[in-house]
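Tertiary structure, described
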Amino acid sequence: MDKTDQRYITYLQILKDELVPAMGCTEPIAIAYAAAKAKAILGEMPDRVEIGVSDNIIKNVKSVVVPNTDGMKGIEAAAAAGITGGQADQMLEVISRMTAEQKEEMKQFLKKVPIDVSAVDHDMIFDIIVKLYCKEQSAKVRICQYHTNIVYMEKNGEVLFDAKIQDQNKAGKENGIADKTLLNIKDIIGFADTCDIEDVKSILDRQIQYNSQIAEEGLLGDYGANIGSTYLKYYGCGVRNRAIAKAAAGSDARMSGCEMPVVINSGSGNQGITVSVPVIEYAKELSVSKEKLYRALVISNLIAVHEKNGIGRLSAYCGAVSAGCAAGCGIAYLQGGGYDEIAHTLVNSLAIVSGIICDGAKPSCAAKIASSVEAGILGYHMYMNHQEFKNGEGIVDNGVEATIQNVGRLGRDGMRQTDKEIVKIMLD
């Protein structure tokens, strides 16, 4: 694919947009980011805080530990961390540099300052509104669609910034983000085969470093339900099991407040870990060149983004499924697979696990990651064994793109009511 081709330019920009560092589960971090930005606008410590969030934000913040808070969970903790110790210019690493003094200040802030949290429904799946008050002064920040997308800022009733929000029902259309509707499996493989490695090297080197480090930490430490170490203990240490276990271990650590950064995919650290760590582990086992690993990671990352594009950033459909199946595609590429191997791997694996629900960020995410990576690898091995799920069997359609569209329809439309019931169950 020529560098001047619009697809080349767009695919490279998608990698730059999507593969960014974050410390902590990205939904509470987005709240901390909004709060830090509002604090910067206000210019002083608030004496009252109002927060409005969409149902999916409630779901994804309720049960996950916020880093640098000494084990606290929830919307209030995330906002307080952003206000007392956040550095808004660090975006999704907004609370990565909190000092011991700032942590203590945060705890006192939570005791003394009223924080009112409510659900809002502006027909946006991803929506965060933070308003801070200090006597007669006020500041307001709104983030929607994705984690760093500030669309509105206000001080003392005066509008400082107001962006037109793209229709969230138009797949691939998000403010300030490359057009993901250009993604398709054939062209993703073509881009991966021909891209200038220097164009992607720095992006992928950071992903390899950060995500491998947190995976190793997850195996060494005592985090969550220890899915990664449990998997190795009972199923052995072959490459398949290491790939599954290390991806799960990264989530073990991350969901339990580990203060190490990850490189995300589709707005999710868990998905960033899942789409990369298994491919990295197979590359080590196969002793492939670093260039081959880079190209395989391009495959897995872009396929995951392609799958998620039709579903949306947040859904009742577990994002680990998209990432785990995409990892299977990257593993197929490492072993010489081309379009047929990758397309069949993806269809087979999606047919296996496209029913796992997302009931928020928490320790059980690691187990869902394990199941999804396992499905991705099985999908490839099925193809190698001349087996496949066929057109008309459930959601499997005629060809990989049609199947991806069906999964998008399932996650975006079919599971909308499921999402509402999940939130009700969690709040009850």
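See the structure above.
What you see is a predicted model, and the numbers here were worked out from it, not measured in a lab. (Residues numbered from 1 in each chain as written. Predicted model: local features only at pLDDT ≥ 70, side-chain atom pairs only at ≥ 80, totals over all residues. Heavy atoms only, no water.)

**Quick look at helix H2 (residues 26-42)**
Counted only if it meets this: Secondary structure elements are defined from DSSP: runs of H or I of at least 4 residues count as helices, runs of E of at least 2 residues count as strands, and each element is numbered from the N terminus. To estimate the expected span of a helix, count its residues, drop one, and scale the result by 1.5 Å.
An ideal rise of 1.5 Å per residue puts 24 Å on 17 residues; H2 measures up with 24 Å between its terminal C-alpha atoms. Just past H2, the residue Gly-43 takes up positive phi, approximately 85°.

**Overview of the side chain of Ser-372**
Rules: Relative accessibility decides the category of a residue: with a 1.4 Å probe and only protein chains considered, values under 20% of the type maximum give buried, values over 50% give exposed, and everything between is partly exposed.
In this fold, Ser-372 is placed in helix H14 (residues 365-384). Owing to a relative accessible area of 0%, Ser-372 belongs among the buried residues under this scheme.

**Describing the pairing of strand S7 (residues 158-162)**
Applied cut-off: Strand pairing follows a simple DSSP-based rule, namely that at least 2 bridges must link the two strands.
Looking at chain direction, strand S6 (residues 150-155) and S7 are connected through four bridges and run antiparallel. Bridge assignment links Tyr-152 to a residue of S7, and that residue is Asp-162. Count of turn residues in the S6/S7 antiparallel hairpin: two residues, of which Asn-156 carries a positive phi of about 50°.

**As for the nonpolar core**
Applicable threshold: The set of buried Ala, Val, Leu, Ile, Met, Phe, Trp, Tyr and Cys residues whose side-chain atoms join them within 4.5 Å is what this entry labels a nonpolar core. We call two residues in contact whenever any of their non-hydrogen atoms come within 4.5 Å of each other.
Core analysis: the largest hydrophobic core is formed by 79 residues, its most contacted members being Phe-191, Ile-299, Leu-302, Ile-303, Ile-342 and Leu-346. Residues in contact with Phe-191, not counting those within four places in the same chain, are Met-1, Tyr-8, Tyr-11, Leu-12, Leu-15, Val-298 and Leu-302. Among the nonpolar cores identified, the runner-up in size contains 55 residues, and Ala-88, Val-94, Cys-134 and Val-277 belong to it.

**Focus: the pattern of salt bridges**
Threshold: Here, a salt bridge means any Lys or Arg side-chain nitrogen found within 4 Å of an Asp or Glu carboxyl oxygen.
This structure, assessed with the given rule, holds 23 salt bridges. Between Glu-374 and Arg-240 there is a salt bridge, with the nearest N and O atoms lying 2.7 Å from each other. Of this pair, Glu-374 sits in helix H14 while Arg-240 sits in helix H9 (residues 239-255), and the two are 134 residues apart along the sequence. One salt bridge connects Lys-424 with Glu-421, and the closest N-O pair in it is separated by 3.5 Å. Of this pair, Lys-424 and Glu-421 are both found in helix H16 (residues 416-427), three residues apart, which corresponds to roughly one turn of the helix. Each of Glu-216, Arg-242, Lys-246, Glu-281, Lys-284 and Glu-285 takes part in a single network of salt bridges with overlapping partners.

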